[in-house]
Amino acid sequence: MKRVLVTGGAGFVGSNFIRMMAAHHPDWRIINLDALTYAGSTDNLKGLSGDYAFVRGDIADSACVTALFGQYAFDYVVNFAAETHVDRSIASPQDFIRTDVLGTHTLLEAVREQGVARYVQISTDEVYGSVAAGAFAEDSPLRPSSPYAASKAAGGLVVQSFYRTYGTPVVVTRSSNNYGPWQYPEKIIPLSITNAIDDQALPMYGDGLNVRDWLHVEDNCAAIDLVLHRGEVGEVYNIGGGQEATNLAVTEAILARLHKDRGLIRFVADRPGHDRRYAVTCDKLKALGWTPSVAFAEGLARTVDWYIAHSEWWRRIKSGEWRAYYARHYAELEEPRT
Ligand code: NAD
Ligand code: TYD
C-alpha cells in the first residue's frame, strides 16, 4: 500500500489523474489536498470509489500542510495545485506567485522534513516561452512570457534546487496544452465547445494563427504515472502530444463536430505577450516507454461529445463565478462593432 498526496486534485488534470490512478493502483491510498478555488470542484470526482479522501486546504498554508504530513506518512507527492489561466495571470499575478511559487516551497519543506520516496512537480512547456521553429528540449533556456509561466518556472526551479541542495527526490514534468473531460470552460477548447453549443461567439485572439501542441489529458496522466515510478530523480521530463494546430484550426474542428457555423468565430484584441508557438521534444520520456495514444482529431471529437453529455456540469460553472470573469475579460464582445 502506498500513501499518495495529490494536490489540486479537484481541478482538470488532477481529477483525471486521481481517477486513472484509483483504477491502475487499487492498493494506493489517495489523499487529495485542494483549496477549491474557482477552478476546483469535488463534483469532478463524484462517484470515485476506492481508498480516497478529500481535504480542503491551501498548499501555501504551512500549518495545514504540516498537519496533513503529520497525519499521513506519504510515499509520493504529486503537485498539481496551481493558478493556471494565463489571462487571469495577466489581470492579477499575485495569486499565481503565492500558490505556484510559495505554495510549492511550502510543500517542499514538508517533503524534506518527512522524507517521501518521490515528489513530482507538474509544470508546463510555457516555461520555455515561444519557439518559431523546432522544439525545446529539457535543457533549453527558460524564457517565460506570462506571469503564469514565470510563476511555474520559479516554482519548478525551487523544486530542482531542493534536489541539488538537500537531495530531495524530485522529478519535474513540463507538458504541452492538455484537453479532455472536466476542463474549466475558460481555456480555449472547453470555452469554444460550450459557447458553440449555445450559439455564442467564440473569441479568437489576434489572427488566430498561434500554435499549441495538444495532448490528451489521459496521455499526460499516463506519463506522470510513468515518471513517478521510473523517472530519474532530479530530472525534468517534457510531455508533448506532437499534435500542433493553430487556434483557428481547433475552433473550426469544434464547430464542424457541432454542425455550427464558422461565423461564430469572433476576432478580438490579442493577448499581451501572446506566445506564438509552443513545441517540445520528448525523447527522454519516450526512452522510458511512453508514447501518446490519443490522436487529436479523435480526442477532440470525444471531448466535444463529453461536453454535450455533461452540460449540467459546465452550465453550473457558467452560472457562477465564471459569468463575472467572462463579462470582465471579454467586455469587447459586448461592445458595438464599428
Ligand atoms: P486547474 O486550474 O483546472 O486546477 C487547479 C486546481 O488547483 C484547482 O482544483 C484549484 O482549486 C487548486 N488550487 C489552486 N490553488 C490552490 C492552493 N493554493 N492550494 C490547494 N489547491 C489549489 O488546473 P489544471 O489545468 O488541472 O492544471 C493542473 C496542473 O497542471 C497545474 O500545475 C498546471 O500548471 C499544470 N499544467 C496544466 C496544463 C493544461 O493544459 N491544463 C498544461 C501543462 C501544465
Ligand atoms: P489557453 O486555453 O488559455 O491556454 P494557454 O494560453 O495556456 O496556451 O489558450 C490557448 C490558445 O488559445 C492561446 O494561443 C490563446 C488562445 N485563446 C483565444 O484565442 N481565445 C480565447 O478566448 C482563449 C481563452 C484563448
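Further up the page is the structure itself.
First things first, this report covers the structure right here in the doc. Keep in mind that this is a model prediction, so the values were computed, not measured.

Reading guide: rules and limits
- Residues numbered from 1 in each chain as written.
- Chains lettered and ligands numbered in written order.
- Predicted model: local features only at pLDDT ≥ 70, side-chain atom pairs only at ≥ 80, totals over all residues.
- Heavy atoms only, no water.
- Buried < 20%, exposed > 50% of the residue type's maximum accessible area, 1.4 Å probe, protein only.
- Helix = DSSP H or I, 4+ residues; strand = E, 2+ residues; numbered from the N terminus.
- Pairing = 2+ DSSP bridges.
- Right-handed = clockwise from strand over helix to strand, strands pointing away.
- Disulfide = S-S within 2.5 Å.
- Axes fitted to C-alpha atoms, helices over the stretch in contact; angles between N-to-C directions.

1. Things to note about the pairing of strand β6 (residues 170–175)
β6 sits mainly inside the fold: six of its six residues count as buried. Burial along β6 is two-sided: Val170, Val172 and Arg174 and Val171, Thr173 and Ser175, pointing in opposite directions, are all buried. Summarising the sheet, strand β5 (residues 118–124) and β6 pair through six bridges and their orientation is parallel. The partner of Gln121 across the bridge, within β6, is Val172. Taking the sense of rotation as the criterion, the β-α-β connection linking β5, helix α5 (residues 147–166) and β6 turns out right-handed.

2. Overview of the state of the cysteines
Counted according to the given criterion, the structure contains zero disulfides. Here Cys221 is not cross-linked by a disulfide; its sulfur's nearest cysteine counterpart is in Cys282, at 15 Å. Note on Cys221: relative accessible area 0%, which makes it buried.

3. Side note on the sheet that holds strand β1 (residues 2–7)
On the basis of which strands lie adjacent, the open sheet formed by seven strands has the order β3-β2-β1-β4-β5-β6-β11 and parallel pairing. The sheet is open, and its two edges are formed by β3 (52–56) and β11 (236–239), each paired on a single side. Neighbour-to-neighbour, the strand axes of the sheet open up by a mean angle of 20°, direction not taken into account. One ladder, built from five bridges, connects strand β2 (residues 28–34) with β3; its direction is parallel.

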